[in-house]
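Residues per chain are reported as follows:
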Amino acid sequence: MKTPIFRPRHAGIALALSFCLADQAMAAASYSSSAAVGYSITVLNSTNPTAGDNTGLAILGTYLQPSDDGSFYAAVSGDGQYQAHSPSPAAVAVTSIFNGTFTANGSAALGSVDSLHTGLFGLEFSNSGPYSYNLAVNLDYALQASAYGEFADSSISFDYWDEAGSISGFDYASAAAFTGYLDDQQSASNTVTWYFTLAAGATEQLYAQVGIQSHLESADASPVPLPGAAWLFLTSMMTGLALLDRRKQAAA
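Report on the accompanying structure. (Residues numbered from 1 in each chain as written. Predicted model: local features only at pLDDT ≥ 70, side-chain atom pairs only at ≥ 80, totals over all residues. Heavy atoms only, no water.)

## A closer look at the sheet that holds strand β7 (residues 97–108)
- Spatially, β5-β7-β2-β9-β12 is the arrangement adopted by the five strands of the open sheet, whose pairing is antiparallel. Two strands lie at the open edges of the sheet, namely β5 (81–85) and β12 (183–198), each paired on one side alone. Geometrically, the sheet is characterised by an average inter-axis angle of 5° between neighbouring strands, direction not taken into account.
- Of the pairings in the sheet, the one linking strand β9 (residues 133–149) to β12 comprises 16 bridges and is antiparallel in character. (Pairing = 2+ DSSP bridges. Helix = DSSP H or I, 4+ residues; strand = E, 2+ residues; numbered from the N terminus. Axes fitted to C-alpha atoms, helices over the stretch in contact; angles between N-to-C directions.)

As structure tokens, then:
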């Protein structure tokens, strides 16, 4: 005797059963965070009698992504992956503008990521000439922390200071996503201005440091129970269709 095969005789029953018997769904998680940093430098005036002549003044822009234990770590499992994108690490001569964007992102469909990435922006001023210069330096920054999916969080810490310790500060942006609230974006931005005099033979250094710390994890989601009202509807529908079949058979 052959084992009977159950085939729903009505499309409505088949569709309802396909929802009820759905097995498992996979939920992904990801983060994508960035810090845009820009310096703009203006020579307000100097003791040089020749207007526009900045003899001896040199400005160097630098970027460093530290790899020591206190500035970087990363651990992944499953299909977790991460990336960090840095500005050009080479030092460049600066006339009036120095900027760059440091980003970090990661994702996992069935795995996890834990990471910390640090970037250090710097400006180095030196004056080898006989004149002094009065300078204004604007630091503009924009932080954007984003998280998506089953479980992800990403936070950006930003601090800035000068070598003399006359100006320093801190800012922060953090985003978190989890089941039931899957997308989150948080931002912070500001402008900071330094005014200082660079005497003949003097040097000055300004710094801005970005730390992007992130965690995400994702795994097969547990099956979602069908609400009692849906089961009641399904039972009623199947009962009604069965009675209709019997009536048709009786009338035949």
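## A short note on the nonpolar core
- With 43 residues, the main nonpolar core has Tyr39, Leu123 and Phe125 as its most contacted residues.
- Discounting residues that sit within four places of it in the chain, Tyr39 has contacts with Ser96, Ile97, Phe98, Phe121, Leu123, Val137, Asn138, Leu139, Trp194, Leu206, Tyr207 and Ala208. (Core = buried A, V, L, I, M, F, W, Y, C linked by side-chain atoms within 4.5 Å. Buried < 20%, exposed > 50% of the residue type's maximum accessible area, 1.4 Å probe, protein only. Contact = heavy atoms within 4.5 Å.)

## Focus on the side chain of Ser155
- Mapped onto the secondary structure, Ser155 falls in strand β10 (residues 151–162).
- On the basis of relative accessible area, Ser155 is assigned to the buried category, the value being 14%.
- If sequence neighbours within four positions are ignored, Ser155 has contacts with Tyr172, Ala173, Ser174, Gly211, Ile212 and Gln213.

## Quick word on the packing of aromatic side chains
- Tallied over the full model, the rule gives 10 aromatic pairs.
- Judged by centre distance (4.8 Å) and plane angle (65°), the rings of Tyr63 and Phe121 are edge-to-face. Pair noted here: Tyr63 is in strand β3 (residues 57–64) and Phe121 is in strand β8 (residues 111–127), with a separation of 58 residues, a long-range link.
- For Tyr63, a relative accessible area of 5% puts it in the buried group. (Phe/Tyr/Trp six-rings, centres within 6.5 Å; stacked < 30°, edge-to-face > 60°.)

## Some points on the environment of Ala36
- Mapping Ala36 onto the fold places it in strand β2 (residues 29–46).
- When the C-alpha positions of Ala36 and Ser189 are compared, they lie 9.3 Å apart, and in sequence the two are 153 residues distant.

## Overview of the environment of Gly169
- Relative to the assigned elements, Gly169 resides in strand β11 (residues 168–178).
- Taking the C-alpha atoms as reference points, Gly169 and Phe158, 11 residues apart in sequence, are found 8.4 Å from one another.
- Not counting residues up to four positions away in its chain, the partners in contact with Gly169 are Phe158, Asp159 and Tyr160.

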